[in-house]
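# Chains, contacts and geometry: an overview
These are the residues of each chain, in order.
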Amino acid sequence: MSMSNANSPSDIVGKKVFFLYPTVVVQNKIIAELVQMEYEVYVAKNHAALRRVLKKYPDSIIFIDVNEQMSDKEWDAWIQGITSSPELKDVIIGIVTANDKAEMRQKHAEAADLKGGYTVLKSDLDSAVKRIIAVLNAAEAKGRRKYLRATTENETMTTVNMPVNGVFITGQIMDISVVGFSCTFENDPAIVKNTLLSNIQVKLQSMLLNVEAIIFGSRMDGNSRIYVVLFTQRIDPVVRTKIRKYIQQNLQSKMDGELK
């Protein structure tokens, strides 16, 4: 950990990874895979808005497809604008493109400002994914954070149905990760720590997931009690995949608000 950023929050929570103008293939294959590996990944479709947002997240990692939207000259200027800005000196930029133009590659290889490398997408995307992961790991993209979580307290469509004493009660999910979630109930059901509950239904927008979980504990927040619930090891891998997908969509929609 470099001393200069010893106090940076990203040491703990990790860094944001943006793909600027990714193709459908990159979204469906590369981004989807990174999401399942718990990287905090966003799609950006406006370079000017992204430039603005970087001031708020100045140690982000950006992968650009220089084939899209702008000419080579404009891309050069945009990249230069970030790498030469003192407040954005920690932003890492890489290129991910299907365009293997030798002169383009050469130019960017010579420009030492591309710390994120030049990844050419061939039909075999696995090697591209590996290269991108190598960049992310070198940049300590995850920090000390192990799991991404989404806060959902203001979302009406994010609820949990729990069987307590033979009756299903519905609660509001406050946040969720692949490890578990926290939730509140209108009337406190007074569930004891370490209670094992099978047949819990977690509703994330339009997704309905069946899980088994243990009450890890609870704490008071104002007048309501927040329960912390951990999934058991018997959670279906498909459920984990869906939760990660949901978390990415949740974080993306919040970021879209900032990228307006």
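Residues numbered from 1 in each chain as written. Predicted model: local features only at pLDDT ≥ 70, side-chain atom pairs only at ≥ 80, totals over all residues. Heavy atoms only, no water.

### Thoughts on the overall build of the protein
A count of helical and extended segments in the protein gives 7 helices and 12 strands. The dimensions of the protein, computed from C-alpha atoms along their principal axes, are 70 × 40 × 30 Å. By residue count, 47% of the 260 residues in the protein fall in the buried class. The long-range fraction of contacts in the protein, counting pairs at least 24 apart against all pairs at least 6 apart in sequence, stands at 63%. With an accessible surface of roughly 13,500 Å², the protein has 53% of that area assigned to carbon and sulfur atoms. Positive and negative side-chain charges in the protein, numbering 33 and 29 respectively, have mean positions lying 3 Å apart. (Helix = DSSP H or I, 4+ residues; strand = E, 2+ residues; numbered from the N terminus. Buried < 20%, exposed > 50% of the residue type's maximum accessible area, 1.4 Å probe, protein only. Contact = heavy atoms within 4.5 Å. Areas by Shrake-Rupley, 256 points an atom, 1.4 Å probe, with all protein chains shown as cover. Lys, Arg positive; Asp, Glu negative; His and termini not counted. Charge placed at Lys NZ, Arg CZ, Asp CG, Glu CD.)

### So, the sheet that holds strand 2 (residues 41-44)
The strand order 2-1-3-4-5 describes an open sheet built from 5 strands, whose pairing is parallel. In this open sheet, the two edge strands, each paired with only one partner strand, are strand 2 and strand 5 (118-120). When strand polarity is set aside, the average angle formed by the axes of neighbouring strands in this sheet is 25°. Where strand 3 (residues 61-64) and strand 4 (residues 92-97) come together, 4 bridges link them in parallel fashion. Across the sheet, Phe63 pairs through a bridge with Gly94, a residue of strand 4. (Pairing = 2+ DSSP bridges. Axes fitted to C-alpha atoms, helices over the stretch in contact; angles between N-to-C directions.)

### A short note on helix 3 (residues 47-54)
An α-helical turn contains 3.6 residues, so any two residues separated by three or four positions project in the same direction. Taken as a whole, helix 3 has its buried residues at Ala49, Leu50, Val53 and Leu54. Looking straight down helix 3, one finds that the buried residues subtend no more than 140° of arc, so they occupy a single side. With a side-chain oxygen positioned 2.9 Å from the backbone nitrogen of Ala48, the residue opening helix 3 is Asn46. (Arc of directions from axis to C-beta. Polar contact = N/O pair within 3.5 Å; in protein donor to acceptor, adjacent residues only side chain to side chain.)

### Focus on the packing of aromatic side chains
With the rule as written, the count across this model stands at 6 aromatic pairs. Centre to centre, the rings of Phe185 and Tyr227 are 5.9 Å apart; their planes meet at 65°, and the pair counts as edge-to-face. Of the two residues, Phe185 is situated in strand 9 (residues 180-185) and Tyr227 in strand 12 (residues 224-231); the sequence distance between them amounts to 42 residues. Note on accessibility: Phe185 and Tyr227 belong to one class, buried. A network of ring pairs unites the aromatic residues Tyr21, Trp75 and Trp78 as a single cluster. Over the aromatic face of Tyr39 sits the side chain of Lys142, whose NZ or CZ is 4.6 Å from the ring centroid. Over the ring of Phe216 we find Lys193; its NZ or CZ atom is 4.9 Å from the centre of that ring. (Phe/Tyr/Trp six-rings, centres within 6.5 Å; stacked < 30°, edge-to-face > 60°. Lys NZ or Arg CZ within 6 Å of the ring centre and 35° of its normal.)

### So, the pattern of salt bridges
Going through the model one piece at a time under the given rule, you end up with 9 salt bridges. For Glu40, the salt bridge goes to Lys16, with nearest N and O atoms at 3.1 Å. Linking Glu40 in the loop between helix 2 (24-36) and strand 2 with Lys16 in the loop between helix 1 (10-13) and strand 1 (17-20), this pair joins segments that are 24 residues apart in sequence. Just as Glu40 is buried, Lys16 falls in that class too. (Salt bridge = Lys/Arg side-chain N within 4 Å of Asp/Glu carboxyl O.)

### Things to note about the confidence of the model for the protein
The predicted model of the protein has a mean per-residue pLDDT of 88, with 91% of residues at 70 or higher. This model gives residues 1-6 a pLDDT under 50, and the stretch forms 5 contacts once residues within four places in sequence are excluded. (pLDDT = per-residue confidence, 0-100.)

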